[in-house]
Amino acid sequence: MMSALMSLTLLFAVFLPGADAHTLEEPITYIPLGDSYAAGINDQRELDVGYSDYIAQDLAKRGKLAEYTKEFTRSGFDSVELLEDLKTNQELREKLSEADLITLSAGGNDLLGILNINEETGELSFDRDEIASVYFALNNRLASLHEEINAINPDADVYAFGYAFPLPALDQVQKEAFYDTFEFLNNTIKRKVIEAGGKYIDIDTVFGRDAFQWFPNQFDIHPNTIGYRVMANEFIDTYHHPLTFSDVSSTHWAKEYIDGLSKRLIVTADEEGKFNPNGKLTRAEAAQALYNVLYLDEELEEVPNPGFSDVPVTHPNYDAIAALADLGIFVQAEKFNPDNSLSRAQMAKIFDMTFDLPEGEPKSFTDLQGNYAWAAPHVDALSSAGYVSGYDDGTFRPNQSMSKAQIAKILQLLLEDRKY
């Protein structure tokens with residue numbers, strides 16, 4: 001289990017003027033409210049790192065977090081209890097009055113309280129008449145929740161999280177019987193937060209209805225920590241604006257991919273405010289991007305010095321290079337050549353290893369033999385998944401470089417498919 005997450009060092013020391021609308025503001029106070037999802041209860045029913053922790057961590061990386069606590073979240077909270085807490089808990093009211101950002105998970109327990117899950121068979125049963133009654137009351141209570149929050153602090157940014165479908169192990173008949181009821185819950189949450197001037201975070205669409213990888217415990221409705229990461233990333237993509245690069249116009253073919261990466265600070269501008277989309281990605285830049293993608297900056301353990309003679313501990317990308325070398329994504333050798341551009345073959349290898357892609361069908365590129373035979377399985381993996389292609393003459397041209405814009409597209413598509 002991770003700690004309070006507030007002992008982080010910043011990944012990025014400099015932020016460029018105009019880069020992000022939130023960057024120019026003063027550091028913010030962030031208060032999450034709500035049930036066990038807001039608290040971070042995991043699939044083993046233990047308190048762990050939840051989406052609010054990841055959001056706070058993201059703000060801390062940007063140097064934008066003044067204060068954060070999830071002490072006002074409660075496992076089992078339904079909308080009745082949360083509304084009562086908002087009205088009577090003076091400490092909570094004082095904290096909310098100072099908050100700049102409030103996130104809310106409320107409504108799920110109103111529904112779950114009338115569901116019966118057989119822990120031997122996993123079967124679900126519920127009374128539709130009772131559900132109709134619950135939803136009628138929930139509609140009014142969510143409106144009251146937002147009214148109370150707005151009365152305490154009309155200036156705070158409020159984001160309400162929807163719920164992911166938490167029962168992927170149900171048989172298809174039972175799933176379909178529950179779909180309308182579940183969608184009504186999320187539609188009610190969405191409608192009420194928008195009516196109150198806030199924003200809705202759609203989790204259900206991202207998770208889908210068969211999210212076993214994020215709900216591995218068929219007898220529990222809580223996601224694992226990676227599931228909470230997915231939830232936080234949906235917030236990050238909604239809350240943050242993409243960075244502004246002086247050399248990436250609004251009509252640039254790769255702008256949407258560069259924007260997606262910059263929202264999560266996987267890529268940032270250089271000292272002149274440029275992205276250099278036609279330039280070549282260096283090996284050091286690639287290491288830093290993948291270090292960010294894998295969230296290795298959050299690991300508290302030190303990794304051994306890989307011993308590259310051209311990467312001293314004072315190198316700006318040392319931590320990233322050392323961490324990826326320790327994982328075997330970069331091969332340890334006498335030199336790392338951090339300023340060399342990344343070749344197409346090297347790109348295929350490190351992207352395949354980073355994202356753990358399934359084995360691809362052999363493509364038989366004519367130039368992936370001999371000295372480049374090592375790259376063939378990695379190229380096959382990316383090519384089979386549609387991320388890269390070869391040339392009309394049957395070659396892959398492994399020693400050529402790709403532009404930063406081209407690599408940004410591949411990396412963003414990989415992230416979208418992985419979802420976190």
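Residues numbered from 1 in each chain as written. Predicted model: local features only at pLDDT ≥ 70, side-chain atom pairs only at ≥ 80, totals over all residues. Heavy atoms only, no water.

Draft legend 1. Geometry of the sheet that holds strand β6 (residues 157–161). Strand order across the open sheet formed by five strands is β2-β1-β3-β6-β7, with parallel pairing between neighbours. Where the open sheet ends on each side, the last strands, each with one partner, are β2 (65–68) and β7 (199–201). When strand polarity is set aside, the average angle formed by the axes of neighbouring strands in this sheet is 25°. In the packing of helix α4 (residues 90–98) onto the sheet, the strands contacted are β1 (28–34), β2 and β3 (101–105), and the crossing angle to β1 comes to about 135°. (Pairing = 2+ DSSP bridges. Helix = DSSP H or I, 4+ residues; strand = E, 2+ residues; numbered from the N terminus. Axes fitted to C-alpha atoms, helices over the stretch in contact; angles between N-to-C directions. Contact = heavy atoms within 4.5 Å.)

Draft legend 2. Main features of the packing of helix α13 (residues 344–355) against helix α15 (residues 404–418). Relative to each other, α13 and α15 sit at 15°, their axes nearing to 12 Å. Considering their axes alone, α13 and α15 lie roughly parallel with respect to each other. By crossing handedness, the relation of α13 to α15 is classed as right-handed. When α13 is examined against α15, the residues M347, F351 and F355 are found in contact with a partner set consisting of I407, I410, L411, L414, L415 and R418. Of the residues contributing to the contact of α13 with α15, the split by class is eight nonpolar, no polar and one charged. (Parallel < 35°, antiparallel > 145°, perpendicular 65-115°, else oblique. Left-handed = near helix turned anticlockwise from the far one by under 90°. Nonpolar A, V, L, I, M, F, W, Y, C, P; charged D, E, K, R; others polar.)

Draft legend 3. Examining a negative patch on the surface more closely. Side chains of E71, E91, E94 and E98 sit close together on the surface and give a patch of like negative charge. Tracing the backbone through its elements, the reader meets E71 in the loop between β2 and α3 (79–88). (Patch = residues over 30% accessible without salt bridge, like charges linked within 9 Å, V, L, I, M, F, W, Y side chains within 5 Å. Areas by Shrake-Rupley, 256 points an atom, 1.4 Å probe, with all protein chains shown as cover. Salt bridge = Lys/Arg side-chain N within 4 Å of Asp/Glu carboxyl O. Lys, Arg positive; Asp, Glu negative; His and termini not counted. Charge placed at Lys NZ, Arg CZ, Asp CG, Glu CD.)

Draft legend 4. Here's a closer look at α15. With 15 residues, α15 ought to run about 21 Å at 1.5 Å a step, and its terminal C-alpha atoms sit 21 Å apart, in line with that. When α15 is considered as a whole, its buried residues turn out to be K404, A405, I407, A408, I410, L411, Q412, L414, L415 and R418. Next to the buried residues of α15 lie α10 (255–263), α11 (283–293) and α13. Looking at the residues trailing α15, positive phi occurs at K419, about 80°. (Expected span 1.5 Å × (residues − 1). Buried < 20%, exposed > 50% of the residue type's maximum accessible area, 1.4 Å probe, protein only.)

Draft legend 5. Highlighting the pairing of β3. The element β3 is extensively covered by neighbouring structure, given that five of its five residues are classed as buried. Both faces of β3 are covered, namely the face carrying L101, T103 and S105 and the face carrying I102 and L104. For β1 and β3, the ladder comprises five bridges, and the chain directions are parallel. Residue pairing for β3: I31 is matched across the bridge by I102.

Draft legend 6. Region of interest: the packing of aromatic side chains. The final tally for this structure, using the stated rule, is 20 aromatic pairs. Between Y135 and F184 the ring centres are 4.8 Å apart and the planes differ by 45°, which places this aromatic pair in the tilted class. Residue Y135 is located in helix α6 (residues 128–152), and its partner F184 is located in helix α7 (residues 172–195); the two are separated by 49 residues in the primary sequence. The buried category is assigned to Y135, whose relative accessible area is 6%. Their ring planes at 50° and their centres at 5.8 Å tell us that F207 and F215 sit as a pair that is tilted. Residue F207 shares its accessibility class with F215, and that shared class is buried. In this structure an aromatic cluster arises from ring pairing among Y51, Y159, F161, F235 and Y239. For the cation-ring pair, R229 lies above Y54, with the distance from its terminal atom to the ring centre recorded as 4.0 Å. The cationic tip of R283 hangs over the ring face of F336; the distance from NZ or CZ to the ring centre is 4.4 Å. (Phe/Tyr/Trp six-rings, centres within 6.5 Å; stacked < 30°, edge-to-face > 60°. Lys NZ or Arg CZ within 6 Å of the ring centre and 35° of its normal.)

Draft legend 7. Fine view of the pairing of β6. Along β6, four of the five residues are buried, which leaves the element largely enclosed by surrounding structure. Pairing of β3 with β6, which is carried by four bridges, proceeds in the parallel orientation. Paired with L104 across the strands is A160, a residue of β6. Note that β6 and β7 share three bridges and pair parallel. Bridging across to β7, A160 finds its partner in Y200. At this point the chain moves from β6, through α7, to the parallel β7, and the crossover so formed is right-handed. (Right-handed = clockwise from strand over helix to strand, strands pointing away.)

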